[in-house]
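Residue-level structural notes
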Amino acid sequence: MAVSMRDLDPAFQGAGQKAGIEIWRIENFQPVPIPKSSHGKFFTGDSYVILVTTALKNGALRHDIHYWLGKATSQDEAGTAAIKTVELDAALGGRAVQYREVQGHETERFLSYFKPCIIPQEGGVASGFKHAEVEEHKIRLFVCQGKHIVRVKEVPFARSSLSHDDIFVLDTKSKIFQFNGSNSSIQERAKALEVVQYIKDTYHDGKCDIAAIEDGRLMADAETGEFWSFFGGFAPLPRKAAGEDNKAIGSYATKLLCVEKGKAEPVEAEALTRELLNTSKCYLLDSGSEMFVWMGRTTSLDDRKSASAAAEELASTPDHPQSHIIRLIEGFETVVFRSKFASWPQATDVAVSEDGRSKVAALLKRQGVNVKGLMKAAPVKEEIQPYIDCTGNLQVWRVNGQEKILLSSSDQSRLYSGDCYIFQYSYSGEDKEEYLIGTWFGKKSMEEERNSAILQANKMIESLKFLASQARIYEGKEPIQFFAIFQSFIILKGGLGDGYKSYLAEKEIPDDTYKEDGTALFRIQGTGPDNMQAIQVEAVSSSLNSSYGYILHSGPTVFTWYGNLTTSEDQELLLRQLDFIKPNAQCKTHKEGAESDQFWELLGGKSEYRSQKIARNAESDPHLFSCTLSKGDLKVMEIYNFTQDDLMTEDIFILYCHSEVYIWVGQQVDSKMRAHALTIGEKFLEHDFLLEKLSPDTPIYVIAEGSEPPFFTRFFTWDPAKSALHGNSFQRKLTMVKHGVTQIVDKPKRRTPVSYGGRSSVPDKSSQRSRSMSFSPERVRVRGRSPAFNALAANFENPSTRNQSTPPPLVRKPYPKSGTPDSGNVAAKSSAISTLGATFEKSPPVRQVIIPRSIKASLKSPEVTKTASNSNSKENSMSNRIDAPSIQEDVKEGEAEDEAGLTLYPYERLKTTSTDPVTDIDVTKRETYLSSTEFKEKFGMIKEAFYKLPKWRQNKLKMALLLF
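Residues numbered from 1 in each chain as written. Predicted model: local features only at pLDDT ≥ 70, side-chain atom pairs only at ≥ 80, totals over all residues. Heavy atoms only, no water.

**Examining the pairing of strand S3 (residues 47–55)**
Burial analysis of S3 places seven of its nine residues in the buried class, which makes it a mostly covered element. One ladder, built from nine bridges, connects S3 with strand S4 (residues 61–69); its direction is antiparallel. Paired with Val 49 across the two strands is Tyr 67, which belongs to S4. Joining the antiparallel neighbours S3 and S4 is a turn of five residues, in which Gly 59 adopts a positive phi near 95°. (Buried < 20%, exposed > 50% of the residue type's maximum accessible area, 1.4 Å probe, protein only. Helix = DSSP H or I, 4+ residues; strand = E, 2+ residues; numbered from the N terminus. Pairing = 2+ DSSP bridges.)

Right under this line is the structure:
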């Protein structure tokens, strides 16, 4: 489309540069900006242009333009609004979706911008903004329709306006009545209460009474009698025939018309396909309730205006009484438009559109307009967070036929591709213990065992009264929460279950299950020590990738291989995983391009391989859908600009963000429907309602109302008290509207964790060594929390803020021989000193790890493990890092000064940046030369700064200290 300065109205210059809503009213055929204080106030005699700018996660700005036509607006003003909308789109680079909104028949997307409702006022520009007099309150009657988005219409104040099917709001001078028709739903009644609250705040300054009247209730209570007194007393309501506004549009054959020289001509075709649309022309797609204007990229502005005029003319015909007109640009078609075609390509080239936007930006820049918002912004780089407490308790079972086998702590991090697993993770919630119960399916696992895993997981959830969250996860599609829970794991080829073994025997396929003395190749991936994985791949050179590190072993021979595109962090992860897979093994390190002949020989020879990282599903902007499942058929409806209040306790909702699907189940959902929650998620992926080619392996979560985990509530401005309210949606909302505050409820008592392994999942507190454990019949799995870290963490613990479901850290003396029974406090201080000194002054060798022994021993044979532990028990103590003499001096600080002759120095001289540094000291133990008083002072400053950090930062810092 050619861009000219005459096409750009001065009122639109600088529009759409940041997220938000901008509104213009048509006055004397020109757009005039409306202040934000007046947004949502519309007059029936006017026409408006509304621009909604949304900042997407990928850094781009999305624009939606609506032009709203009041029922009393003139034809000239309506035409001007339509033309100005096309001009505004041109000013934004020609990529916005444009909607025609007619009073009383607005789209749900438009109404969602002005929740809870819009109530147009009489008057307009041409009539001097004359509307109802405000001096004397006028009794008004409104009808409210809609389960998720409320359409409000003023009706005559008369008994004949009432019906059994709808909800009515009677606005009097001192009280607002809500009349609930007997055929209305609970959800509609709850949404109508939001309208009542809006009227109370807008027209009564928040000062009036509210009453709810039930249809069919006689004069039994005073409020019911008061309501009917306004209508001359109670009388039965007659059944009403469907009015003109309520007549549904029948089946309508979708038609495609080509617009040339202002005339729309039908396009003859057996089926609608993308190939029918020519980039140099404009088309109308008429589906009855919706009329789309499709504009090719190379069409002129005049062609687009002509096509819009043709759509307006067609929409005014008797067979299109409620049609919405939606205009779109080639390359930016909506999901609804694309769904009308039998075939539509997955992606289209948008280079021309980007070029057009650049030209518009250049023209505006010459006029001195800031055009930053017109260009695509850089994607917002957010640190990926799991949004789950990583210090909870983990149990893992392997599914074997119709049974499940509880894994020992040393086997929990070893998953086989031919098996299915069930995991239960309990962690501290706001006021109770929360649970996440999930299934993990290997790529080669059997369908029978997958079904068995889901069945057994459902039984576990049922035993928790459906208050646990549920997850269905496939190998290769693990979400960040899974990584955070397991922290580090290895995926091995083959399987141990009977189902997998039977399948191999039946198909006469050789068993490829991992063997420690065999040949195996592992790809190492992850983002850090608390998120790293080793994936066994085919031991061939084509499995390599320049963006990853690999471990190759064959018997006692071990190779590490670094791709040219790996970072130092990737290389560190490889060394850590090497301690899991082949601890204490001597390895040969290879850099890409400098491999030995033996390396290639083990991989069967050299061949081509990839260099780009394996793409994982990125999180997109979330979408919320209400859903119904009837006779196996799933129907969904999107809820725009959603909030927590849109989640109704009687319904099931789908929250979709591309990388994950969440199924939210209200407390009052029928038990039969609740049992189909996971099926709803699977059908949502199968139908692919957003036409994004969704993978059926996308992770699915089932979330129970009242037990929403943080990784779900992050999509909302969440108030946990709302989920704890009693009653149905209407009763809850009525309580909040009447009292103006959230109902106070008793917090539920903390639940006792449930164990499915024959033992209590709560160990004896005397044996607790860590806040993050996995319980099994063998022993407690400790996630790498060293004694020194325990001592340091004890100094950071704040009893007033620590989550009480988390056991307090047990401070053990890291050096038993260096202290006495009375020296516990001194020992804690000394280990904290040593740890801080090592943290700030000296980095430990990479291979001196930091790896939980239970995991490290997972790939060892029992004999080797036993021998190694016996021979190295003393050598594995913390004295390997810090010399014993200095520790003795730390623990007995007073005696150490006399016996070793240590001299104390001020902090300023001990700093590495000191202008007068102390000489002849051990620089790796500077803290040992501080006095007790000065140490406490400096340590207190660190402690104070620590507690000023966000909670997730505190947890991350503690995890980092764990590595030392």
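**Let's talk about the packing of helix H1 (residues 75–91) against helix H5 (residues 301–315)**
Contact geometry for H1 and H5: axes closest at 10 Å, N-to-C directions at 145°. Seen along the crossing, H1 lies across H5 with a hand that is right-handed. Packed against H1, whose contacting residues are Ala 82, Ile 83, Val 86, Glu 87, Asp 89 and Ala 90, the element H5 presents Leu 301, Arg 304, Lys 305, Ser 308 and Glu 312 at the interface. When grouped by side-chain class, the residues that make up the contact of H1 with H5 number five nonpolar, one polar and five charged. (Axes fitted to C-alpha atoms, helices over the stretch in contact; angles between N-to-C directions. Left-handed = near helix turned anticlockwise from the far one by under 90°. Contact = heavy atoms within 4.5 Å. Nonpolar A, V, L, I, M, F, W, Y, C, P; charged D, E, K, R; others polar.)

**As for unusual backbone geometry**
Cis geometry is adopted by the peptide bond preceding Pro 116, which originates at Lys 115 and carries an omega value of 5°. For Pro 116, the position within the fold is in the loop between helix H2 (108–112) and strand S6 (140–145). Although it is not a glycine, His 658 sits at a positive phi angle of roughly 75°. Take His 658: it is sitting in the loop between strand S30 (652–656) and strand S31 (661–665).

**Side note on the packing of helix H3 (residues 186–203) against helix H17 (residues 729–739)**
H17 packs onto H3 with a crossing angle of 15° between their chain directions and a minimal axis gap of 8 Å. What the angle tells us is that H3 and H17 run roughly parallel. As H3 packs across H17, the resulting crossing turns out to be left-handed. Contact residues: Ile 186, Arg 189, Ala 190, Leu 193, Glu 194, Gln 197 and Lys 200 in H3; Ser 729, Phe 730, Lys 733, Leu 734 and Val 737 in H17. Along the lines of polarity and charge, the residues of the contact of H3 with H17 split into six nonpolar, two polar and four charged. (Parallel < 35°, antiparallel > 145°, perpendicular 65-115°, else oblique.)

**Quick word on the nonpolar core**
Formed by 55 residues in total, the largest nonpolar core has its most connected members in Phe 423, Phe 482, Phe 522 and Tyr 662. Non-local contacts of Phe 423, meaning those with residues more than four positions away in its chain, are made with Leu 394, Gln 395, Val 396, Trp 397, Leu 436, Ile 437, Gly 438, Thr 439, Ile 473, Phe 482, Ile 485 and Phe 486. Of all hydrophobic cores here, the second largest spans 36 residues; its members include Ile 422, Cys 627, Ile 654 and Val 661. (Core = buried A, V, L, I, M, F, W, Y, C linked by side-chain atoms within 4.5 Å.)

**Focus on the pattern of salt bridges**
What the rule picks out here adds up to 26 salt bridges. The shortest N-O distance in the salt bridge between Glu 260 and Lys 281 comes to 3.8 Å. One end of the pair, Glu 260, is in strand S11 (residues 255–260); the other, Lys 281, is in the loop between strand S12 (263–266) and strand S13 (282–286), and 21 residues separate them in sequence. Owing to a relative accessible area of 45%, Glu 260 belongs among the partly exposed residues under this scheme. With a relative accessible area of 27%, Lys 281 lands in the partly exposed category. Across the salt bridge formed by Lys 444 and Asp 512, the nearest N and O atoms sit 3.8 Å from each other. One end of the pair, Lys 444, is in the loop between strand S20 (433–441) and helix H8 (447–463); the other, Asp 512, is in the loop between helix H10 (498–507) and strand S23 (519–528), with 68 residues separating them in the sequence. With a relative accessible area of 42%, Lys 444 lands in the partly exposed category. Connected via shared salt-bridge partners are Lys 115, Lys 191, Glu 194, Asp 645, Asp 646, Lys 722 and Lys 733. (Salt bridge = Lys/Arg side-chain N within 4 Å of Asp/Glu carboxyl O.)

**As for the pairing of strand S2 (residues 30–33)**
Inspection of the sheet shows strand S1 (residues 20–27) paired to S2 by four bridges, in the antiparallel sense. Looking at the pairing, Glu 27 lines up with Gln 30 of S2. The turn linking S1 back onto S2 is made up of two residues, and Asn 28 within it adopts a positive phi angle of 55°.

**Considering H5**
The end-to-end C-alpha distance of H5 is 21 Å, a good match for the 21 Å that 15 residues give at a rise of 1.5 Å each. Inspection of H5 places Leu 301, Arg 304, Ala 307, Ser 308, Ala 310, Ala 311, Glu 312 and Ala 315 among the buried residues, and these make up the whole buried set. (Expected span 1.5 Å × (residues − 1).)

**Examining the side chain of Asp 166**
Positionally, Asp 166 belongs in the loop between strand S7 (151–155) and strand S8 (167–171). For Asp 166, a relative accessible area of 17% puts it in the buried group. Within polar-contact distance, the side chain of Asp 166 engages the side chain of Gln 145 at 3.3 Å. Once residues within four sequence positions are removed from consideration, Asp 166 is found in contact with Val 143, Cys 144, Gln 145, Phe 179, Asn 180 and Gly 181. (Polar contact = N/O pair within 3.5 Å; in protein donor to acceptor, adjacent residues only side chain to side chain.)

**Comments concerning the packing of aromatic side chains**
Applying the stated rule across the entire model yields 51 aromatic pairs. Taking 5.8 Å as the distance between ring centres and 85° as the angle between the ring planes, the aromatic pair formed by Phe 337 and Trp 344 counts as edge-to-face. According to the relative accessible area criterion, Trp 344 is buried, its value standing at 17%. Clustering of aromatic rings is evident, with ring pairs tying together Phe 157, Phe 168, Phe 177, Phe 179, Phe 227, Trp 228, Phe 230, Phe 231 and Phe 234. Across the ring face of Tyr 548, the terminal group of Arg 523 is positioned such that the distance to the ring centre comes to 5.5 Å. Cation over ring: Lys 613 sits above Tyr 548, and NZ or CZ is 5.5 Å from the ring centre. (Phe/Tyr/Trp six-rings, centres within 6.5 Å; stacked < 30°, edge-to-face > 60°. Lys NZ or Arg CZ within 6 Å of the ring centre and 35° of its normal.)

**Re the side chain of Glu 650**
With respect to the secondary-structure elements, Glu 650 resides in the loop between strand S29 (633–639) and S30. There is no salt bridge for the buried Glu 650, and the closest opposite charge comes from Arg 732, which lies 6.7 Å off by N-O distance. Engagement of the side chain of Glu 650 in a polar contact is seen with the side chain of Ser 729, the distance being 2.5 Å. With residues near it in sequence (within four places) discarded, Glu 650 still touches Ile 186, Gln 187, Gln 668, Val 669, Asn 728 and Ser 729. (Lys, Arg positive; Asp, Glu negative; His and termini not counted.)

**Structural notes on the sheet that holds strand S15 (residues 324–329)**
Overall, mixed pairing links the ten strands, which are arranged S2-S1-S3-S4-S5-S15-S14-S13-S11-S12 in an open sheet. Edge strands, defined here as strands with exactly one partner in the open sheet, are S2 and S12. With strand direction ignored, the average angle separating the axes of adjacent strands in the sheet is 25°. Where strand S14 (residues 290–295) meets S15, six bridges bridge the pair, whose relative direction is parallel.

**As for the environment of Ser 308**
The residue Ser 308 is located in helix H5 in this model. The class of Ser 308 is buried, set by a relative accessible area of 5%. Remark: the alpha-carbon pair of Ser 308 and Gly 262, spanning 46 residues in sequence, is separated by 9.1 Å. Excluding residues that lie within four positions of it along the chain, Ser 308 makes contacts with Val 86, Val 293 and Arg 327.

**Quick word on the state of the cysteines**
The final tally for this structure, using the stated rule, is zero disulfides. Cysteine Cys 282 remains unbridged, with the sulfur of Cys 258 as its closest cysteine sulfur at 8.3 Å. (Disulfide = S-S within 2.5 Å.)

**A short note on the confidence of the model for the protein chain**
Parts of the prediction with low pLDDT should not have their coordinates interpreted in detail. Per-residue pLDDT for the protein chain averages 79, and the proportion of residues at 70 or more is 73%. Taken element by element, the protein chain is modelled with least confidence in helix H22 (residues 884–891), mean pLDDT 35, and with most confidence in S8, mean pLDDT 98. The low-confidence segment residues 1–5 (pLDDT under 50) makes twelve contacts with residues lying over four places distant or belonging to another chain. Ignoring residues within four places in sequence, the model shows residues 129–133, a span with pLDDT below 50, making ten contacts including any to other chains. (pLDDT = per-residue confidence, 0-100.)

**Comments concerning helix H4 (residues 222–229)**
Those residues of H4 lying buried are Thr 224, Gly 225, Phe 227 and Trp 228. Taken around the axis of H4, the buried residues stretch over an arc of 160°, which confines them to a single face. Buried residues belonging to H4 abut S8, strand S9 (175–180) and strand S10 (209–214). Its side-chain oxygen 3.2 Å from the backbone nitrogen of Glu 223, Asp 221 forms the N-cap of H4. (Arc of directions from axis to C-beta.)

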